[in-house]
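# Results of the structural survey
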Number of protein chains: 2
Amino acid sequence: MSLRVPSEPALELAAFLPYRLNRLAVGVSNHLSDIYRERFGLDVPEWRVMATVGSRHGCTAQHIAESTRMHKTRVSRAIAHLEERDLIERASSAADRREREVRLTKAGRRMYAELVPVVLERERELLACLSREQLRGLLAGMETLERFLGLGD
Amino acid sequence: MSLRVPSEPALELAAFLPYRLNRLAVGVSNHLSDIYRERFGLDVPEWRVMATVGSRHGCTAQHIAESTRMHKTRVSRAIAHLEERDLIERASSAADRREREVRLTKAGRRMYAELVPVVLERERELLACLSREQLRGLLAGMETLERFLGLGD
DNA sequence: CACAATTAGTTGCGCACGCAACCGTTACGG
DNA sequence: CCGTAACGGTTGCGTGCGCAACTAATTGTG
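Residues numbered from 1 in each chain as written. Chains lettered and ligands numbered in written order. Predicted model: local features only at pLDDT ≥ 70, side-chain atom pairs only at ≥ 80, totals over all residues.

For chain A, the count of helices and strands is six helices and two strands. Listing every helix and strand of chain A by position from the N terminus yields α-α-α-α-β-β-α-α. If you line up chain A on its principal axes, its C-alpha atoms span 70 × 35 × 30 Å. Each of the 153 residues in chain A was classed as buried or not, and the buried ones make up 29%. (Helix = DSSP H or I, 4+ residues; strand = E, 2+ residues; numbered from the N terminus. Buried ≥ 20, exposed ≤ 12 C-beta atoms within 10 Å, placed from the backbone.)

Here the focus is the nonpolar core. Core analysis: the largest hydrophobic core is formed by 60 residues, its most contacted members being Val49(A), Met50(A), Val49(B) and Met50(B). Other than its neighbours up to four places away in sequence, Val49(B) contacts Ile64(B), Val75(B), Ala78(B), Ile79(B) and Leu82(B). (Core = buried A, V, L, I, M, F, W, Y, C linked by C-beta atoms within 7 Å. Contact = placed C-beta atoms within 7 Å.)

With that settled, the discussion passes to the relation of the copies chain A and chain B. Placing chain A over chain B gives an RMSD of 0.1 Å and needs a rotation angle of 180°, together with 0.0 Å of translation along the axis. Taken together, the turn and the small shift mark the pair as related by a two-fold rotation axis. Both copies present the same face, since 100% of the interface residues in chain A are matched by interface residues at the equivalent positions in chain B. (Least-squares fit on C-alpha atoms with pLDDT ≥ 70 in both.)

As a further point, take the interface of chain A and chain B. On the chain B side, the residues contacting the 53 residues of chain A number 53 residues. Residue assignment for the side of chain A that touches chain B shows that the elements contributing at least two residues are α1 (17-39), α2 (44-54), α3 (61-68), α5 (106-127) and α6 (132-149) of chain A. For the side of chain A that touches chain B, the leading source of residues is α1(A), giving 13 residues. Its residues placed into classes, the side of chain A that touches chain B shows 31 nonpolar, 14 polar and eight charged. (Nonpolar A, V, L, I, M, F, W, Y, C, P; charged D, E, K, R; others polar.)

Residues in close proximity to DNA strand C total 18 residues, the closest being Arg97(A), Thr60(B), Ala61(B), Gln62(B) and Ser76(B). Looking at the surface near DNA strand C element by element, the count peaks at four residues for helix α4 (residues 72-84) of chain B. Of the residues belonging to the surface near DNA strand C, the class tally is three nonpolar, six polar and nine charged. (Near = placed C-beta within 6 Å.)

One can describe the packing of α1(A) onto helix α6 (residues 132-149) of chain B by two numbers: an axis separation of 10 Å at closest approach and a directional angle of 50°. In terms of orientation, α1(A) and α6(B) fall into the oblique class. The chirality of how α1(A) crosses α6(B) is left-handed. For the pair α1(A) and α6(B), contact is made by Arg20(A), Leu24(A), Gly27(A), Val28(A) and His31(A) and by Met142(B), Leu145(B), Glu146(B) and Leu149(B), respectively. Grouping the amino acids of the contact of α1(A) with α6(B) by side-chain chemistry returns five nonpolar, two polar and two charged. (Axes fitted to C-alpha atoms, helices over the stretch in contact; angles between N-to-C directions. Parallel < 35°, antiparallel > 145°, perpendicular 65-115°, else oblique. Left-handed = near helix turned anticlockwise from the far one by under 90°.)

The environment of DNA strand D is formed by 18 residues, the closest being Thr60(A), Ala61(A), Gln62(A), Ser76(A) and His71(B). Where the surface near DNA strand D is concerned, the elements lending two or more residues are α3 and α4 (72-84) of chain A together with α4 of chain B. For the surface near DNA strand D, the leading source of residues is α4(A), giving four residues. Its residues placed into classes, the surface near DNA strand D shows three nonpolar, six polar and nine charged.

Next up on the list: α6(B). Compared with the 26 Å implied by 1.5 Å per residue over 18 residues, the 26 Å span of α6(B) between its first and last C-alpha is a close match. Along α6(B), the residues classified as buried are Gly137(B), Leu138(B), Gly141(B), Met142(B) and Leu145(B). One face of α6(B) carries all of its buried residues, which in axial projection span an arc of 125°. In α6(B), the exposed positions that point more than 90 degrees away from the buried face belong to Arg132(B), Glu133(B) and Arg147(B). Those residues of α6(B) that are buried are in contact with α1 and α6 of chain A. Just downstream of α6(B), Gly150(B) is the residue with a positive phi angle, here 70°. (Expected span 1.5 Å × (residues − 1). Arc of directions from axis to C-beta.)

All names here are of chain A. With 22 residues, α5 ought to run about 32 Å at 1.5 Å a step, and its terminal C-alpha atoms sit 32 Å apart, in line with that. Along α5, the residues classified as buried are Gly108, Met111, Tyr112, Leu115 and Val119. Lining the buried residues of α5 we find α1, α2, β1 (88-92) and β2 (100-104).

This next bit is on the confidence of the model for chain A. A low pLDDT score tells you not to read the predicted coordinates there in detail. The predicted model of chain A has a mean per-residue pLDDT of 92, with 93% of residues at 70 or higher. Throughout residues 1-7 of chain A the model reports pLDDT below 50, and contacts reaching past four residues in sequence, or to other chains, amount to two contacts. (pLDDT = per-residue confidence, 0-100.)

What follows covers unusual backbone geometry. Residues and elements named next belong to chain A. In this structure, arginine 69 is a non-glycine residue whose phi angle is positive, near 60°. Mapped onto the secondary structure, arginine 69 falls in the loop between α3 and α4. The phi torsion at aspartate 86 lies on the positive side, around 60°, for a residue other than glycine. Aspartate 86 gets classed as exposed once you count the C-beta atoms within 10 Å, which come to 11.

If you want it as structure tokens, here you go:
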């Protein structure tokens, strides 16, 4: 029906970087989030909050938002859920009463201690499909793109 | 406060592949979607439908869903929006009256012809930040992961 | 040939998200 | 100091999403 003009480059979605990158990110994310969803009942924002709070004692929602690059409302809601489940607790900071110090509860620390090794193992198992050289190449490319886009490490 | 057990590996979210990959995918997607959003008023699902229909005359929603890997409802809604804007049109297929053949209208073809070169140029400009070697490495790593996760090319 | 199973596509619903507006607190400038 | 700007955090609202249920058409099976 339509004549394809040779000078007009075809756009193959399957070879289009944003599309492929998004598909891969979703795939990888699902592969890992299966674990913290099914075994620990955490969704991605909650998992990120747990990971951040667990490795840094006493941090604010502000700090979590910056370091996870999530929108502050997303952080706020994730924190609220985790507090309902008694995995974290909040205390108004004495120094600045706008802030609220976020900490893991005993149950939260227990979950964190169980969670982290499992997740890291799952990541390791995924990355094992790449040769050392391929992993190096992948990370190098990602870093350059991150820098170009101003996604500070 | 808490004693860090040496055998317990720290999880640094910034070095955690799913997180980084997701952040990068969002960044790259935004970098490119700025164009089709601001200059053409398309969101990502709409853009994907345009790209698919434009390079393949006469296809069904089914085919679009498979080839873009979007949920069929997302495709259905994107098609509905594009039809409202008279960029695509649908005709019930004679062979199978459940199907509806999706085609670009004249206006749709005009937009497609204008859109594709701009988007490809923008992609090229982004990829230019990578050395030939880095691009090769990035793609190789992505392909291996895609295969491992069963995200058929 | 009838009836169940399947398929193409749409729609109702609940949910998570980001934006903007907001509250309470702290920092700043005249 | 007082008033205004800035900041930490929460909430109301509109939107887009996927699931499940649905309609309509087709295929398969006895």
